[in-house]
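Listed here are the chains, written in short residue letters.
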Amino acid sequence: MESVNSETERQSSDDSSSSGNSQSQRRVGILYDERMCKHSTPDGDHHPENPNRIRAIWNKLQIARIPQRCVVLNAKEAEDRFILNVHAKKHVDLIKNISSKEFDSRRNKIAAKFNSIYFNEGSSESAYLAAGSVVDVVERVAKGELNSAFAIVRPPGHHAEHNEAMGFCLHNNVAIATSFLLNERPELGIKKILIVDWDVHHGNGTQKMFWKDSRVLFFSVHRHEFGTFYPANDDGFYTMIGEGPGAGYNINVPWENGYCGDADYLAVWDHILIPVAKEFNPDIIIISAGFDAAVGDPLGGCRVTPYGYSVMLKKLMNFSQGKIVLALEGGYNLDSIANSALACMQVLLENMPINGSSEAYPFESTWRVIQAVRQELKVFWPTLADELPTTLISQTAQVPNLLFLSSDSEVEDDNGAQASEDLEEVLQGIIQPLSNLKVDEDHQGKEETEGMFDKNNNAYSPWRSELSKIDVWYASFGSNMWKPRFLCYVKGGQVEGMQGPCRGSLDKTPPKEILWGTYPHHLFFGRESTSSWGPGGVAFLNPERKIQDKAYLCLYRITLEQFNDILCQENNSSYCMTSPLFDLDDLISVASNESNSLELQMRGWYSNVVYLGKEEDIPILTMTCVNSDMESFRSGKLPIVAPCKAYMNTLVRGLVEGGQLSEEEAMAYIQEATKKPL
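Reading guide: rules and limits
- Residues numbered from 1 in each chain as written.
- Predicted model: local features only at pLDDT ≥ 70, side-chain atom pairs only at ≥ 80, totals over all residues.
- Heavy atoms only, no water.
- Helix = DSSP H or I, 4+ residues; strand = E, 2+ residues; numbered from the N terminus.
- Buried < 20%, exposed > 50% of the residue type's maximum accessible area, 1.4 Å probe, protein only.
- Contact = heavy atoms within 4.5 Å.
- Areas by Shrake-Rupley, 256 points an atom, 1.4 Å probe, with all protein chains shown as cover.
- 1 Å grid on protein atoms, 1.4 Å probe; cavity = no way out; pocket = protein on both sides within 12 Å on 5 of 7 lines; lining within 4 Å.
- Points joined across faces, edges and corners; volume = space filled by probe spheres on them.
- Nonpolar A, V, L, I, M, F, W, Y, C, P; charged D, E, K, R; others polar.
- Pairing = 2+ DSSP bridges.
- Axes fitted to C-alpha atoms, helices over the stretch in contact; angles between N-to-C directions.
- Right-handed = clockwise from strand over helix to strand, strands pointing away.
- Polar contact = N/O pair within 3.5 Å; in protein donor to acceptor, adjacent residues only side chain to side chain.
- Left-handed = near helix turned anticlockwise from the far one by under 90°.
- Core = buried A, V, L, I, M, F, W, Y, C linked by side-chain atoms within 4.5 Å.
- Expected span 1.5 Å × (residues − 1).
- Salt bridge = Lys/Arg side-chain N within 4 Å of Asp/Glu carboxyl O.
- Phe/Tyr/Trp six-rings, centres within 6.5 Å; stacked < 30°, edge-to-face > 60°.
- Lys NZ or Arg CZ within 6 Å of the ring centre and 35° of its normal.

Engineer: Hey, could you run me through the overall build of the protein in this one?
Structural biologist: In terms of helices and strands, the protein carries 22 helices and 19 strands. Within the span of the protein, comprising 678 residues, buried residues form 62% of the whole. Looking at the protein alone, contacts between residues at least 24 apart form 77% of all its contacts between residues at least 6 apart. Approximately 24,900 Å² of the protein is accessible, and the part contributed by carbon and sulfur atoms is 47%.

Set out below in structure tokens:
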């Protein structure tokens, strides 16, 4: 691919004199290139990660005359040799060639195998431009050509792993640029890099790429909710601190709930990030600048204002002589990302936050997480050893008990916009106005659905029509053994003991038939907590058959279409349901392979579909943990934990009302499962 690198420097005399000496002393770069808009959905379907994201930012900055005060850069494509520092050759070859004509007939099929990924004829060029642009601006800042810079790039990158595109991300732009400075340009003297990932989702890909590297301090603050929020695993938990030489250089601050705003983020800055940054003393800071924690974002569910982002950025400018690069990641409300980006550019240019104020207190859960992170890392960073004063952590706001999102995945349901409006009203009594910049909360949330609808709110029909004609038995061994609980996954809603409602399936037809059976698999309970039930383990089934084991399963006869919707809900997945998670080919495959199981590309606790045989000549399917998680449970890396009372009562009711066991027998069955070794 050809590299394109043109630069224009435009400084208007009236601007340079009107904002004080600090502006004329700072040389700020801004990179935007319309060619990165070529990456879009293949059929023009609406998608939250779309070209209008960067256009909205650029238009906002132009209206505010920001480019006239900056060094404006065009995009430059990355070289394969730099990408290969963090990505596998197989991955690089795929992204490089996926837009070529030879992939026209199978491009969508390949995309469907990944988690929340689409490809089109412009994807390759856009991905290479995004990665190369971040490399270009970090090199310029490292050299001193620029004081700081903002790369307005897409597709985003922080979810992309060594050999896997995921979560809208193709190349890991920030990781490629970080590796470039450390390994390709040692003469620039950049020996320590701080990566701050304030995107609302955990930067799983970036974390893994520097897991053992003490030259990189990776910091991520994100919604986690005990591993149920996208990317729906334990990678973002605060105990994930790095390994070997990198131990202590990986810091995760995992929110336990949504709605976190300026006060929560600034408390983390003041009591974790800033003290550690002082000790680490980075040579440059690279920010994975996702703006999906912004107020009004349809996917993030948090409440950070433009003022909040400006203060967070200003606090970081006290390090590395102000050498900071922002690289755009997520953010899906066009007004929110535009206003947030403008606030950050004003900080870079003027070295001060925008006007605003914050009189809010953090949530109690925020202080709890901050204390847990400090406790975990104090052995590596002595500045975190002191206990926080009781007078400080006792000042809290309460999380609104309003409308729980039907999924803790990356995409909220079609009630999301109304939830945002209701939440705004409830928060008036908790959080004072935080910024003079008003962010209009339009109704984008209505379009950012659970992946089940197109931009006109119509169901995607091709695969659904086909799979609605195929019946399967869904075999449940956990809380879904109780029919009212299972129907939450079909019709929506919740039962007693659940923390929030399920969104339900698109086809809300109840099961045609219900049967019970016992199967030679080991039932056990693991994980520490879930968003659905709170603290306590949940049920898993060892996918391996052993004749001495016996597990009770309730079989619901549903369609393969409904099974896909339940599979998505069980895994709290943001998977874009323009194609099924588990199609007819997968059904044939799982029934014929030796292990009778199929691990899906999506991430989640129940992403392993297991074939149990047939009943009435209809396939029986269940879903449980993947084999690597089984090994982690056996080794103790993942905890074996007894279920909470509410969850256990649901299992008991299922077994008793299903006529399988008495209440005493059901309790004994569950108790045995909690104690029996794997």
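This is not the end of the story, as more comes after the structure.
Engineer: For this particular structure, what's the right way to read the layout of surface pockets?
Structural biologist: Rolled over the atoms, a probe sized like a water molecule indicates the empty space that remains. Within this model, the second largest pocket holds a volume of roughly 1,000 Å³. Lining the second largest pocket are 32 residues; nearest its centre among them are Asn233, Asp234, Asp235, Asp629 and Leu638. Elements with a contribution of two residues or more to the lining of the second largest pocket: α9 (204-209) and α20 (627-635). No other element matches the three residues that α20 contributes to the lining of the second largest pocket. Taken together, the residues of the lining of the second largest pocket sort by class into twelve nonpolar, nine polar and eleven charged.

Engineer: Would you take a moment to explain unusual backbone geometry for this structure?
Structural biologist: Leaving glycine aside, a negative phi is the common case for residues, and trans is the common case for peptide bonds. In this chain, Arg154 is followed by Pro155 through a cis amide linkage whose omega measures 0°. Tracing the backbone through its elements, the reader meets Pro155 in the loop between β4 (148-151) and α8 (173-184). With an omega dihedral of 10°, the bond running from Tyr230 to Pro231 counts as a cis peptide bond. Following the sequence through the fold, Pro231 ends up in the loop between β6 (216-223) and β7 (250-255). Of note in the backbone geometry, Ser116 takes a positive phi value of approximately 60° without being a glycine. Along the polypeptide, Ser116 turns up in the loop between α6 (107-112) and α7 (123-143). According to the relative accessible area criterion, Ser116 is buried, its value standing at 3%. A positive phi angle, near 75°, is found at Arg527, a position not held by glycine.

Engineer: In this structure, what is going on with the sheet that holds strand β19 (residues 618-624)? I would like to understand it.
Structural biologist: By definition, the strands of a sheet pair up through backbone hydrogen bonds, in either a parallel or an antiparallel sense. As summarised here, the arrangement of the six strands in space is β11-β16-β10-β19-β18-β17, forming an open sheet in which the pairing is mixed. Bordering the open sheet on either side are β11 (514-519) and β17 (597-599), each of which pairs with just one other strand. Taken over all neighbouring pairs, the strand axes of this sheet differ in orientation by 30° on average, direction set aside. Where β11 and strand β16 (residues 551-559) come together, six bridges link them in antiparallel fashion. Directly across from Ile514, in β16, lies its bridge partner Tyr556.

Engineer: Any chance you could explain the pairing of strand β5 (residues 193-197) here in plain terms?
Structural biologist: Within a regular beta strand, the side chains point alternately toward one face of the sheet and then the other, so they alternate between its two faces. The buried fraction of β5 amounts to five of the five residues, a majority that puts the element mostly inside the structure. Residues Ile193, Ile195 and Asp197 of β5 are buried on one face, and the alternating residues Leu194 and Val196, pointing to the opposite face, are buried as well. In terms of handedness, the path from β5 via α9 over to β6 forms a crossover that is right-handed. The pairing of β5 with strand β8 (residues 284-289) spans five bridges and is classified as parallel. Bridge pairing in β8 places Ile193 opposite Ile284.

Engineer: Would you explain the side chain of Asn571 in this entry?
Structural biologist: Residue placement: Asn571 occurs in the loop between α18 (560-570) and α19 (584-592). At 3.3 Å, the side chain of Asn571 forms a polar contact with the backbone nitrogen of Trp605. When neighbours within four sequence positions are excluded, Asn571 is seen to be in contact with Ala232, Met602, Arg603, Gly604, Trp605, Tyr606 and Ser607.

Engineer: Explanation requested: the packing of helix α11 (residues 306-316) against helix α12 (residues 334-350) in the structure shown.
Structural biologist: For any two helices packed against each other, the geometry is given by the interaxial angle and the distance between the axes. Put simply, α11 and α12 touch, their axes get as near as 8 Å, and they point 35° apart. Judged by the twist between their axes, the crossing of α11 over α12 is right-handed. Only Asn339, Ser340, Ala343, Cys344, Val347 and Leu348 of α12 make contact with α11, whose side of the interface consists of Pro306, Tyr309, Ser310, Leu313 and Lys314. Each residue belonging to the contact of α11 with α12 can be placed in one class, and the counts come to seven nonpolar, three polar and one charged.

Engineer: It is not clear to me how the nonpolar core should be interpreted in this structure. Could you clarify?
Structural biologist: Soluble globular proteins tend to pack their nonpolar side chains together in the buried interior. Counting 132 residues, the largest nonpolar core has Trp198 and Trp269 as the members making the most contacts within it. Core analysis: the second largest hydrophobic core is formed by 71 residues, Tyr556, Phe563, Leu567 and Val590 among them.

Engineer: Got a minute to help me understand α12 in this structure?
Structural biologist: Note: α-helices contain 3.6 residues per turn, so residues at a spacing of three or four share the same orientation. With 17 residues, α12 ought to run about 24 Å at 1.5 Å a step, and its terminal C-alpha atoms sit 24 Å apart, in line with that. α12 sits mainly inside the fold: 13 of its 17 residues count as buried. By the N-cap criterion, in which a side-chain oxygen at the helix start approaches the backbone nitrogen of a residue two or three places on, α12 is capped by Asn333, the distance to Asp335 being 3.0 Å. Immediately beyond the C-terminal end of α12, within one or two residues, lies Asn351, with a positive phi of roughly 60°.

Engineer: How should I be thinking about the pattern of salt bridges in this particular structure?
Structural biologist: A side chain of one charge can pair with a side chain of the opposite charge when the charged atoms of the two come close. Overall, the coordinates contain 36 salt bridges when judged by the stated rule. For Lys208, the salt bridge is made with Asp235, and the minimal N-O distance between the two is 3.4 Å. Of this pair, Lys208 sits in helix α9 while Asp235 is found in the loop between β6 and β7, placing the two residues 27 residues apart along the sequence. Taking relative accessible area as the criterion, Lys208 reaches 39% and is therefore assigned partly exposed.

Engineer: Would you take a moment to explain α18 for this structure?
Structural biologist: Among the eleven residues of α18, eleven are classified as buried, and the element is accordingly described as predominantly covered. Among all positions in α18, only Leu560, Glu561, Gln562, Phe563, Asn564, Asp565, Ile566, Leu567, Cys568, Gln569 and Glu570 are buried.

Engineer: Got a minute to help me understand the packing of aromatic side chains in this structure?
Structural biologist: Centre distance and the angle of the planes are the two values used to describe a pair of aromatic rings. Overall, the coordinates contain 24 aromatic pairs when judged by the stated rule. Arranged with centres 5.3 Å apart and planes meeting at 70°, the rings of Trp255 and Tyr265 form a pair that is edge-to-face. With a gap of ten residues between them, Trp255 in strand β7 and Tyr265 in helix α10 (residues 262-280) connect regions that are remote in the sequence. Among the residues examined, Tyr265 registers a relative accessible area of 1% and is labelled buried. Here the aromatic rings of Phe540 and Tyr606 are separated by 4.9 Å at their centres, their planes lie at 10°, and the arrangement is stacked. Taken together, the residues span a long stretch of sequence, with Phe540 in strand β15 (residues 538-541) and Tyr606 in the loop between β17 and β18 (608-615) at a distance of 66 residues. By the burial criterion, Phe540 is buried, and Tyr606 matches it. One aromatic cluster is present, formed by Trp198, Phe219, Trp269, Phe291 and Tyr309 through successive ring pairs. In this structure, Arg106 is placed above the aromatic ring of Phe103, and the distance from its NZ or CZ to the ring centre is 4.4 Å. Lys192 extends its terminal NZ or CZ atom over the ring of Phe280, reaching a point 5.4 Å from the ring centre.

Engineer: In this structure, what is going on with the pairing of strand β2 (residues 28-31)? I would like to understand it.
Structural biologist: The alternating pattern of β2 places Val28 and Ile30 and Gly29 and Leu31 on opposite faces, both of which are buried. Pairing of β2 with β4 involves four bridges; the strand directions are parallel. Its bridge partner lying in β4, Val28 is registered against Ser148. Pairing of β2 with strand β3 (residues 71-73), which is carried by three bridges, proceeds in the parallel orientation. From the neighbouring strand, Ile30 faces β3, where its bridge partner is Val72. A crossover links β2 with its parallel partner β3, the connecting element being helix α3 (residues 52-63), and its sense is right-handed.

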